[in-house]
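Read off the chains here:
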Amino acid sequence: MTRPPLTAPVTGTEGVLWLDGLPADQLAARPPLDGDTTADVAIVGAGYTGLWTAYYLSTLRPELSVVVVDAGRAGFGASGRNGGWCTAEMPALLMSLVRRHGPMAAMRLYRAGQRTLDELHRVFTAEGIDAHWRHDGSLYVARSAPQVDRLRGWHDVRARLGIGGLTLTVGPQAAERVGLAGVRATAYTPHCVTVQPARIARGLLAAVERRGVRVAEHTRATRIAPGLLVTDSGTIRARSVLCATEGYTARLAGHARRVLPLHSYVLATEPLDAGTWRRIGLDDHMTVAESRYQFGYLQRTLDDRLVLGGRGAYYRFGSATDRREAAGQRAYDRLRRTLAELLPDLTDVPVSHRWSGVYGLHRHTEPEVVYDRETGLGHAGGYGGEGIALSNLAARSLAALVAGVSRPETRLCWVDNASRRWEPEPLRFIGVRGVSAVATGADRYEHRTDRAAPLARLALRAIV
């Protein structure tokens, strides 16, 4: 496959656009835990899942005392390091849900995810959280015959399930929809919003504190057990102890194989002028994603930057979550080539920011919400990179379970959908890297031949 030239090196600031854009009043640090304490509920992780769970607990059972601890700053992990898409479309997850839980259960979860956008907007309005909310939908593009077939398949499955809401366009009209190179088909859904992720996290932090929740930053959890959360700054005794650490779960003793951490990489360009945005067909804030196995996705920010992210199985031996410059530089260069391939006019556009984040994946590749009323232990996560919306829905499920309240969210198929653990090393590393190699090889084959890669889908399903 011929790759576009990498004419402009990736030299943007090693920093997160969303975090750089936070107003000063949202950056104030919260003190760490200052010794032993007690609470009704202790939550590990002050990202979206932990903060949303605390928020809904304060609504369902305001009399409960809730303490949230985080090893760093609230929202400075994956919740502040994502690509800014707020969606629950889950194209890769839908068929897995149908296979494992049946069409009706898959449909209920899917529709609950779509309705979550309305719930998020309601809370942001009520709590005065300026999320830079722009509800312009999302466009999935196909640039080869196999990709067109995959878009058709996704459209047809949704139609059979009665989900709908996906507008498929094939042929010349698709190419007129957006200015990406070589577009053959598009699928538009209104169920996607662009947001400023870090503003959500820090705004939600302030909201839970107003409701009486205590949040201790720079407090590293070292062990969880029934009724007990041990940290480096003290011990919390609580009836319920909830784990909301997503891709960082492997750092907890005894949890190394429960959630697989995968690294995702993102670039942001310098602001583009209005004429450039018109040429590439993004006059609004509609998000765009490819239909490759290892896909790229992009959006337009409020200050007219183009944010481009790439999804692939970037896994490090032993579930390591530290950021390594050499591996990151290769990923950023790959993103730059993707940008040049999709939008040749932007081959030389300067990059202002580059960053990475870690998201979590369970062995069955599905999100899960688990709570054991006997032990008081629970967890939620494994969103596979779609956590801005799904974390809210999962937190509503988890909070209702802890509160002992029967709600529609507690009857979704991800409740008590506990996955088996990942294989020990080096099998875990070999398997995940094998998935990545198969997916990359399939993308290259399809690009070169315009035919579906032989047995690619079957091989990917067998490995995962």
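Please refer to the structure placed before this passage.
### Thoughts on helix α2 (residues 48–60)
For α2, which comprises 13 residues, the first-to-last C-alpha distance of 18 Å matches the rise-based estimate of 18 Å (1.5 Å per residue) to within 8%. Residues Tyr48, Thr49, Gly50, Leu51, Trp52, Thr53, Ala54, Tyr55, Tyr56, Leu57 and Ser58 constitute the buried set of α2.

### Regarding the pattern of salt bridges
In the structure shown here, the tally under the stated rule is 25 salt bridges. The salt bridge involving arginine 158 is made with glutamate 89; its shortest N-O contact spans 2.3 Å. With arginine 158 in helix α5 (residues 145–161) and glutamate 89 in the loop between β4 (85–87) and α3 (94–101), this pair connects stretches of sequence that are 69 residues apart. What makes arginine 158 buried here is its relative accessible area of 1%. The salt bridge partner of glutamate 423 is arginine 420, with a shortest N-O separation of 3.4 Å. For glutamate 423, a relative accessible area of 22% gives the class partly exposed. Among the residues examined, arginine 420 registers a relative accessible area of 53% and is labelled exposed. Here the salt bridges do not stand alone but share partners, grouping Arg143, Glu290, Arg292 and Glu341 into one network.

### As for the side chain of serine 397
Along the chain, serine 397 turns up in helix α10 (residues 387–403). For serine 397, a relative accessible area of 0% puts it in the buried group. Engagement of the side chain of serine 397 in a polar contact is seen with the backbone oxygen of glutamate 409, the distance being 2.8 Å. In this structure serine 397 touches Val369, Glu409, Thr410, Leu412, Trp414 and Val415, once residues within four positions along its chain are discounted.

### Things to note about helix α11 (residues 427–449)
Given a rise of 1.5 Å per residue, 23 residues ought to cover 33 Å, and the 32 Å separating the end C-alpha atoms of α11 matches this to within 8%. Within α11 the residues assigned to the buried category are Arg428, Val432, Val435, Ser436, Ala439, Thr440, Ala442, Asp443 and Glu446. In the stretch just after α11, aspartate 450 is the one whose phi turns positive, near 65 degrees.

### Considerations on the packing of α3 against helix α4 (residues 103–127)
Each pair of packed helices can be summarised by the angle the axes make with each other and by the distance between the axes. Where α3 contacts α4, the axes come no closer than 7 Å and their chain directions differ by 140 degrees. Between α3 and α4, the angle falls in the class oblique. Taken as a pair, α3 and α4 cross one another with a handedness that is right-handed. Across from Leu94, Leu97, Val98 and His101 in α3, the residues of α4 making contact are Pro103, Ala105, Ala106, Leu109 and Tyr110. Residues of the contact of α3 with α4, tallied by class, amount to 8 nonpolar, 1 polar and no charged.

### Remarks on the packing of aromatic side chains
A full pass over the atoms with the stated rule returns 14 aromatic pairs. An angle of 85 degrees between the planes, with centres 5.8 Å apart, marks the rings of tryptophan 52 and tyrosine 55 as edge-to-face. With a gap of 3 residues between them, tryptophan 52 and tyrosine 55 both fall in helix α2, about one helical turn apart. The class for tyrosine 55 is buried, based on a relative accessible area of 2%. Ring geometry for tyrosine 55 versus tyrosine 56: centroids 5.3 Å apart, planes at 85 degrees, classification edge-to-face. A connected cluster of aromatic rings, assembled from ring pairs, spans Trp52, Tyr55, Tyr56, Phe124 and Trp133. The cationic tip of arginine 150 hangs over the ring face of tyrosine 293; the distance from NZ or CZ to the ring centre is 4.3 Å. Over the aromatic face of tryptophan 422 sits the side chain of arginine 363, whose NZ or CZ is 5.2 Å from the ring centroid.

### Some details on unusual backbone geometry
The peptide bond linking glutamate 425 to proline 426 adopts the cis configuration, its omega dihedral lying at 5 degrees. If you trace the backbone, proline 426 turns up in the loop between α10 and α11. Of note, the phi angle at threonine 365 is positive, near 65 degrees, even though the residue is not glycine. With a relative accessible area of 25%, threonine 365 lands in the partly exposed category.

### Thoughts on the nonpolar core
Within the largest apolar cluster, 89 residues are counted, with the highest numbers of intra-cluster contacts made by Trp52 and Trp414. The element best represented in this core is α10, accounting for 11 residues. With residues near it in sequence (within four places) discarded, tryptophan 52 still touches Leu120, Val123, Phe124, Leu204, Ser391, Asn392 and Ala395. Counting residues in hydrophobic clusters, the runner-up holds 26 residues, among them Trp277, Tyr332, Leu346 and Val349.

Conventions we followed
- Residues numbered from 1 in each chain as written.
- Predicted model: local features only at pLDDT ≥ 70, side-chain atom pairs only at ≥ 80, totals over all residues.
- Heavy atoms only, no water.
- Helix = DSSP H or I, 4+ residues; strand = E, 2+ residues; numbered from the N terminus.
- Expected span 1.5 Å × (residues − 1).
- Buried < 20%, exposed > 50% of the residue type's maximum accessible area, 1.4 Å probe, protein only.
- Salt bridge = Lys/Arg side-chain N within 4 Å of Asp/Glu carboxyl O.
- Polar contact = N/O pair within 3.5 Å; in protein donor to acceptor, adjacent residues only side chain to side chain.
- Contact = heavy atoms within 4.5 Å.
- Axes fitted to C-alpha atoms, helices over the stretch in contact; angles between N-to-C directions.
- Parallel < 35°, antiparallel > 145°, perpendicular 65-115°, else oblique.
- Left-handed = near helix turned anticlockwise from the far one by under 90°.
- Nonpolar A, V, L, I, M, F, W, Y, C, P; charged D, E, K, R; others polar.
- Phe/Tyr/Trp six-rings, centres within 6.5 Å; stacked < 30°, edge-to-face > 60°.
- Lys NZ or Arg CZ within 6 Å of the ring centre and 35° of its normal.
- Core = buried A, V, L, I, M, F, W, Y, C linked by side-chain atoms within 4.5 Å.

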